[in-house]
Amino acid sequence: MALLEVENLQVHFRTPVGVNRAVDGVSFHVEEGETLAIVGESGCGKSVTSMSMLRLIPEPPGKIAGQVRFAGRDLLKLSDKEMRAIRGNDISMIFQEPMTSLNPVLTVGRQIGETLRLHQGLDAAAAEAKAVEMLTLVGIPAPERRVKEYPHQLSGGMRQRVMIAIALACNPKLLIADEPTTALDVTIQAQILDLMRDLKHRVGAAIVLITHDLGVVAEVAERVMVMYAGRKVEEAPVRELFSNPRHPYTQGLLGAVPKLGSSLSGESTRLAEIPGQVPSLTKPIQGCVFAGRCAIATDVCRTWAPALEMKAPRHVAACHYALKEAVAA
Amino acid sequence: MLGYILRRILSTIPVMAMVGLFVFSLLFVAPGDPAALIAGDQASPADIERIRESLGLNRPFLVQFGEWAWRTLHADLGTSIFTSLPVTQMIGQRVEPTLSLMALTLVFAIVVSVPMGVVAAWKVGTWVDRSIMTFAVFGFSVPVFVIGYMLAYVFALRLDWFPVQGYTPITDGLGPWISNLVLPALSLGCVYIALIARITRASMLEVLAQDYVRTAKAKGLGQRSVLFLHALKNAAVPIVTVIGIGIALLIGGAVVTESVFAIPGLGRLTVDAILRRDYPVIQGVVLLFSFIYVLVNLLIDILYTFLDPRIRY
């Protein structure tokens, strides 16, 4: 049994113009200690997927359906109280915006200690001692001083380190990182990624990494799931995906990355773009979700939605022509 | 921090000086001649002139102001034209009911209105939110005396839960003191509650959309900690500000409330003094109320730095 098994996850939002199917029937799993990256462009449903796993989507207007089994328990069926016992304890989350994700009026120590007091029943003094320990672990200098400081006294990189300290304080089994490095400078990004990789080995937590940055994926992930318009279009081990992308969308994504596309897949060095726009999620889509932007789409694609198929060992893709493409290449 | 508090305290001095100047000028801009008033209806112009001279009212404005300011600083507010009693003594006798009423209203209003605003923001758009906001509009629109008479009719005359009017000093026991003040505090509090609840709701709505609220939820915190610790502390600055500004509402409302419930407080003293043009008393009361207002807002300014660590002056 995998640590996390998501089955047919659907997250729909009621909006004035119709139901927005932000996530429409996505299934995936994460093994213990594994790092799964979920990639896709803005609005593909990757953040909504991650938030709905912890049930952080406001309902209404949102509506989550399907199954999210964590260590065998379906999180979507738990009471609010049971869910709260899991948040920040068994599963914790790091967000995109370190500048705004910390509470500006509470000290760093308080914010780290809070989860420890809540989930592990530590008293104030023990929680603060552990907070200092956590700050040391995430590489913040002078932790005894920093623990008493407020977020505005820290830089962006330090704040993200604090977020990681909060997330890891209770030794979670699963860490969901939603674009953890997007808002940071490139050099700080590298530091944070190194830190996450290092801590992953030490703590042994599984990671679901949400990102649109394929460079980050190549560095830390073991397996990659590609999402498009609220659906999973491809999934494969990271090396396999980079060297042998089967879905035209994934190929487009890799082609649109300045360095990685050319160095890994050996294609032309010209930067490719994916023409067109993501289809509206408020209207039913007939056929393949990517057909409108796909260079090789045919009438078949526009009529029948392709199912996810095993295209190679551990490699699935949802494309009528994926296998042919791979053979031809 | 200490430097800031000290500077903030010092800055109240020019404010109080301006208030003093304004209060003293009342005597000159208001219609009616105090000397003629003291002399009475039968006095001849010569009598009035004599009184004016004996009171020093014929001297230059600034000289009179300087002398008045000097006396005021030594806690001497002069004597009442009507009762010939020292103004400080008259205020001293009346200050307890008014301060009791204001303090009780303040505490009661904050305890009720802040949770109301928080809940309204949390349940925004639902019937809970709408009923709270309807009450807020109602509380804001209905005059104090209407609410006062309605409450007195229902809870004092019909149900006989509380006395209709009057005041019992706190030295006579906490129970009677409170029971006499419940209805006045309720009527005076309505406007104030409406005001604070509205601001709390608006401020909370903004804060609840922030990323750190999502972080707090992701940590597994319960709804109460998310709302009342993580969100409310961030929403506190505008709320506290409006509580401070609202003290002016309380002062104005206290005058009316005291009339409705026959409380022998400063409000009644003020009204009586105005009707009799008893200028020293008017000056003393206005000065006292201004001082309270400035003091409360000073405390609130200092409170800011405790509520939000980013605020440093």
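The rules we used
- Residues numbered from 1 in each chain as written.
- Chains lettered and ligands numbered in written order.
- Predicted model: local features only at pLDDT ≥ 70, side-chain atom pairs only at ≥ 80, totals over all residues.
- UniProt positions renumbered as here; feature names shortened; annotations may be inferred.
- Helix = DSSP H or I, 4+ residues; strand = E, 2+ residues; numbered from the N terminus.
- Rg over C-alpha atoms; globule rule 2.2 N^0.38 Å.
- Buried ≥ 20, exposed ≤ 12 C-beta atoms within 10 Å, placed from the backbone.
- Contact = placed C-beta atoms within 7 Å.
- Core = buried A, V, L, I, M, F, W, Y, C linked by C-beta atoms within 7 Å.
- Axes fitted to C-alpha atoms, helices over the stretch in contact; angles between N-to-C directions.
- Parallel < 35°, antiparallel > 145°, perpendicular 65-115°, else oblique.
- Left-handed = near helix turned anticlockwise from the far one by under 90°.
- Nonpolar A, V, L, I, M, F, W, Y, C, P; charged D, E, K, R; others polar.
- Pairing = 2+ DSSP bridges.
- pLDDT = per-residue confidence, 0-100.
- Domains from an automatic or database assignment.

Going by an unreviewed UniProt entry, chain B carries the name ABC transporter permease and comes from Azorhizobium oxalatiphilum. For the record of chain B, the UniProt heading Sequence similarities (unreviewed entry) holds the text "Belongs to the binding-protein-dependent transport system permease family." In its Subcellular location (unreviewed entry) section, the UniProt entry covering chain B states "Cell membrane".

An unreviewed UniProt entry annotates chain A as ABC transporter ATP-binding protein of Azorhizobium oxalatiphilum. Quoted verbatim from the Sequence similarities (unreviewed entry) field of the UniProt record, the comment on chain A reads "Belongs to the ABC transporter superfamily." Quoted straight from UniProt, the Subcellular location (unreviewed entry) entry for chain A says "Cell inner membrane".

### Some points on the overall build of chain A
From N to C terminus, chain A includes 14 helices and 12 strands. For 329 residues, the compact-globule estimate of 2.2 N^0.38 gives 20 Å, and the C-alpha radius of gyration of chain A, at 21 Å, lies within 12% of that figure. Based on the C-alpha atoms only, the size of chain A along its principal axes is roughly 65 × 45 × 40 Å. By residue count, 48% of the 329 residues in chain A fall in the buried class.

### Focus on the overall build of chain B
What chain B contains, in helices and strands, is 13 helices and zero strands. Structurally, chain B occupies a C-alpha span of about 85 × 55 × 35 Å along its principal axes. For chain B, buried positions account for 33% of its 313 residues. Across chain B, the fraction of contacts at a sequence separation of at least 24, relative to all contacts at a separation of at least 6, is 72%.

### Digging into the nonpolar core
Among the nonpolar cores identified, the biggest contains 158 residues, and Ala 165, Leu 174, Ile 176, Val 208, Val 224 and Tyr 228 of chain A together with Ile 196 of chain B are the most heavily contacted of them. Among the elements that take part in this core, helix α9 (residues 174-208) of chain B stands out by supplying 16 residues, more than any other. Look past the residues within four positions of Tyr 228 of chain A in its chain and what remains in contact with it is Gly 40, Cys 44, Val 233, Tyr 249, Val 289 and Phe 290 of chain A.

### As for the packing of helix α11 (residues 223-260) of chain B against helix α12 (residues 266-276) of chain B
All names here are of chain B. Following both chains from N to C, one finds α11 and α12 inclined at 95°, their axes separated by 7 Å at the closest point. The angle between α11 and α12 falls in the class roughly perpendicular. Taking contact as the criterion, the partners of Ala 254, Val 255, Glu 258 and Ser 259 in α11 are, on α12, Gly 267, Arg 268, Thr 270 and Val 271.

### Side note on the packing of helix α8 (residues 144-158) of chain B against α9 of chain B
The relative placement of two packed helices comes down to the angle between their axes together with the axis-to-axis distance. Residues and elements named next belong to chain B. With their axes 9 Å apart at the nearest point, α8 and α9 run at an angle of 145° to one another. Crossing handedness for the pair α8 and α9: right-handed. Touching Val 144, Ile 147, Gly 148, Leu 151, Ala 152, Phe 155 and Ala 156 of α8 are Leu 183, Leu 186, Ser 187, Leu 188, Cys 190 and Val 191, all from α9.

### Focus on the interface of chain A and chain B
It is common to give the size of an interface as the accessible area that goes away when the parts come together. Counting from both sides, the interface comprises 24 residues of chain A and, opposite them, 19 residues of chain B. Among the elements of the structure, α2 (80-86), β6 (91-94), α3 (98-101) and α4 (108-120) of chain A are those that each provide at least two residues to the side of chain A that touches chain B. Considering each element in turn, the side of chain A that touches chain B owes the most residues, four residues, to α4 of chain A. Classifying every residue of the side of chain A that touches chain B by side-chain character gives 11 nonpolar, nine polar and four charged.

### Topic: the UniProt feature "domain: ABC transporter" (unreviewed entry) in chain A
Using the residue numbers shown here, the UniProt feature "domain: ABC transporter" (unreviewed entry) corresponds to residues 4-254 of chain A. Along residues 4-254 of chain A the backbone is 40% helical and 27% strand, and the end-to-end C-alpha distance reaches 27 Å.

### So, the sheet that holds strand β9 (residues 223-228) of chain A
All names here are of chain A. Taken in spatial order, the eight strands line up as β6-β7-β8-β3-β9-β10-β12-β11 in an open sheet, and their pairing is mixed. The open sheet has two edge strands, β6 and β11 (309-312), and neither has a second partner. Within this sheet the neighbouring strands show an average axis-to-axis angle of 25°, counted without direction.

### Description of the pairing of strand β7 (residues 174-178) of chain A
All names here are of chain A. In terms of burial, β7 is largely enclosed, as five of its five residues are buried. Neither face of β7 is open: one carries Leu 174, Ile 176 and Asp 178, the other Leu 175 and Ala 177, and all of them are buried. As paired elements, β6 and β7 share four bridges and run parallel to each other. Paired with Ser 92 across the two strands is Leu 175, which belongs to β7. Relative to strand β8 (residues 206-211), β7 runs parallel, the two sharing five bridges. Bridge pairing links Leu 174 to Ala 206 in β8.

### So, the sheet that holds strand β2 (residues 18-30) of chain A
Residues and elements named next belong to chain A. Spatially, four strands are ordered β2-β1-β4-β5 in an open sheet, and the strand pairing comes out antiparallel. Edge positions in the sheet fall to β2 and β5 (73-74), since each has one partner strand and no second. As judged from the two bridges shared by strand β4 (residues 62-70) and β5, these two strands associate in the antiparallel manner. Each bridged residue has a counterpart across the sheet, and for Phe 70 the counterpart in β5 is Arg 73.

### Thoughts on the confidence of the model for chain B
For chain B, per-residue confidence averages 85 on the pLDDT scale, and 99% of positions sit at 70 or higher. Scoring the predicted complex yields pTM 0.80 and, for the interface, ipTM 0.82.

### Quick word on the UniProt feature "transmembrane region" (unreviewed entry) in chain B
All names here are of chain B. According to UniProt, the "transmembrane region" (unreviewed entry) feature falls on residues 12-30, 99-122, 134-157, 177-197, 235-261 and 281-307. Secondary structure content for residues 99-122 is 100% helix and 0% strand, while the C-alpha to C-alpha distance between its ends is 34 Å. This span, residues 281-307, is 100% helix and 0% strand, and a straight line between its end C-alpha atoms measures 39 Å.

### Here's the deal with the environment of Arg 110 of chain A
Residue and element names in this part refer to chain A. Following the sequence through the fold, Arg 110 ends up in helix α4. Arg 110 gets classed as partly exposed once you count the C-beta atoms within 10 Å, which come to 19. When the C-alpha positions of Arg 110 and Ala 127 are compared, they lie 8.3 Å apart, and in sequence the two are 17 residues distant.

### Some thoughts on the domain arrangement of chain B
Residues and elements named next belong to chain B. Considered domain by domain, chain B is made up of domain 1 (2-73) and domain 2 (88-307). Between the C-alpha centres of domain 1 and domain 2 there is a distance of 33 Å. Those elements that provide at least two residues to the side of domain 1 that touches domain 2 are α1 (2-10), α2 (12-29) and α3 (34-39). The biggest single contributor to the side of domain 1 that touches domain 2 is α2, with nine residues.

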